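Structural overview
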Amino acid sequence: RLKTIERLIPGKKAVILKNAGEEKSLKQDELGIKVTKLDPVSDDVHEAMLKKGTLAKQQRSCLYHRIAECRRFVFETPFTRTGRAHARSTAEQFLRRTVCTVAERFPMSEKLQPIVDEEHVELEPIEAATKAIRNKVRDLTLKAFPLEGQAKLKTLYQVLAGAVNPQVHGGVTEVAEAFLKNSVIASYKREHVEQLQDVLIRFMDIAKKALRVARKALEHRPATADRSGKDAVAASEEEAKDMEFQNVLEKGFDALKKKMKQYFESAKTYIQRESLPEIAEGDKLAAEPSSVDKNKGNPIHAGIVEPVANHRRIASDTTVLEL
């Protein structure tokens, strides 16, 4: 592929750029190429297939229908204001989303296509963190409730291990500490705080459900008595290890829930305080929660925050899950 590119641009030698900033050291006869993973923009795919009348709702789980007929692709680049790619703190980590549009829809006979349009969107640290947690929610949902078949215990454990451990780097506690702490929450917009609170609540809810799925899978394993010899011994040892790991995960989730409670309380207080002018203008809006979905984005419903007397909550418009 590099030789093909060199033939298209005579007099230039193709050089793969592996790290940020290497393009500054390129010589005049060198052509810098940065290889980046692209993801298809799902909305563009679904719109194209629906126009053709070929995309039924149940077909969206098919890999082909998720990536075919697409001409818009997205990639993300982390950056900081200081010039470094990765920040030392979650509160300083920005994210740049680039959407590239090519001339024709893939798949097609030509492997290379010119980019005819680019869109750049820079996400603030709190927005980038919200997106990262939303990705965790999506991943946990797909592992615990796959579109086809039953959940696989091993893969589910891998995702849970990096999700419910309060000490994991870049986890929900680190995000909450960076943006929902009483001393810093006032420096962020209310809508951003509300979006982050909503996605964190959904994360806690799906993590609890995923742990239940894992325990149910353990309890419904084939009995070791049906096996004989070494197979029975190995199966018994594996079952004991998995049960021990399950207990560790559940204890970690309980500790995580206790830690997150203070941040949800802080976010709830801040959102209520910032919403006071809206409540004064329209008492009907604050009279009671929406009848459409009273539990939506509600920390009380997720079992994280205890009910408070005379508490009035403003309903959120965010979606339940983005899959």
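Parameters at a glance
Residues numbered from 1 in each chain as written. Predicted model: local features only at pLDDT ≥ 70, side-chain atom pairs only at ≥ 80, totals over all residues. Heavy atoms only, no water. Helix = DSSP H or I, 4+ residues; strand = E, 2+ residues; numbered from the N terminus. Buried < 20%, exposed > 50% of the residue type's maximum accessible area, 1.4 Å probe, protein only. Polar contact = N/O pair within 3.5 Å; in protein donor to acceptor, adjacent residues only side chain to side chain. Contact = heavy atoms within 4.5 Å. Phe/Tyr/Trp six-rings, centres within 6.5 Å; stacked < 30°, edge-to-face > 60°. Lys NZ or Arg CZ within 6 Å of the ring centre and 35° of its normal. Core = buried A, V, L, I, M, F, W, Y, C linked by side-chain atoms within 4.5 Å.

Description of the side chain of T130
By the secondary structure assignment, T130 is in helix 4 (residues 125-144). Among the residues examined, T130 registers a relative accessible area of 3% and is labelled buried. A distance of 2.8 Å separates a polar atom in the side chain of T130 from the backbone oxygen of I126. Not counting chain neighbours up to four residues away, the residues in contact with T130 comprise Q195, L196 and V199.

Description of the packing of aromatic side chains
Describing an aromatic ring pair means giving the distance of the ring centres and the angle of the ring planes. This structure, assessed with the given rule, holds four aromatic pairs. Between F73 and F106, the aromatic rings sit 5.9 Å apart at their centres with planes inclined by 70°, giving edge-to-face as the arrangement. Here F73 is found in strand 4 (residues 70-79), whereas its partner F106 is found in strand 5 (residues 94-106), with 33 residues between them in sequence. For the cation-ring pair, R81 lies above F94, with the distance from its terminal atom to the ring centre recorded as 4.1 Å.

Observations regarding the environment of K27
Positionally, K27 belongs in the loop between strand 1 (13-16) and strand 2 (30-33). Measuring from C-alpha to C-alpha, the distance between K27 and K13 comes to 9.5 Å, with 14 residues separating the pair along the chain.

Concerning the nonpolar core
Formed by 43 residues in total, the largest nonpolar core has its most connected members in L140, L160, L180, V193, F203 and M260. Residue assignment for this core shows that the elements contributing at least two residues are helix 4, helix 5 (153-161), helix 6 (172-179), helix 7 (190-219) and helix 8 (229-274). The element that contributes the greatest number of residues to this core is helix 7, accounting for 13 residues. Those residues within four positions of L140 in sequence are excluded, and the remaining contacts are L156, V159, L160, A163, F203, I206, A207 and A210.

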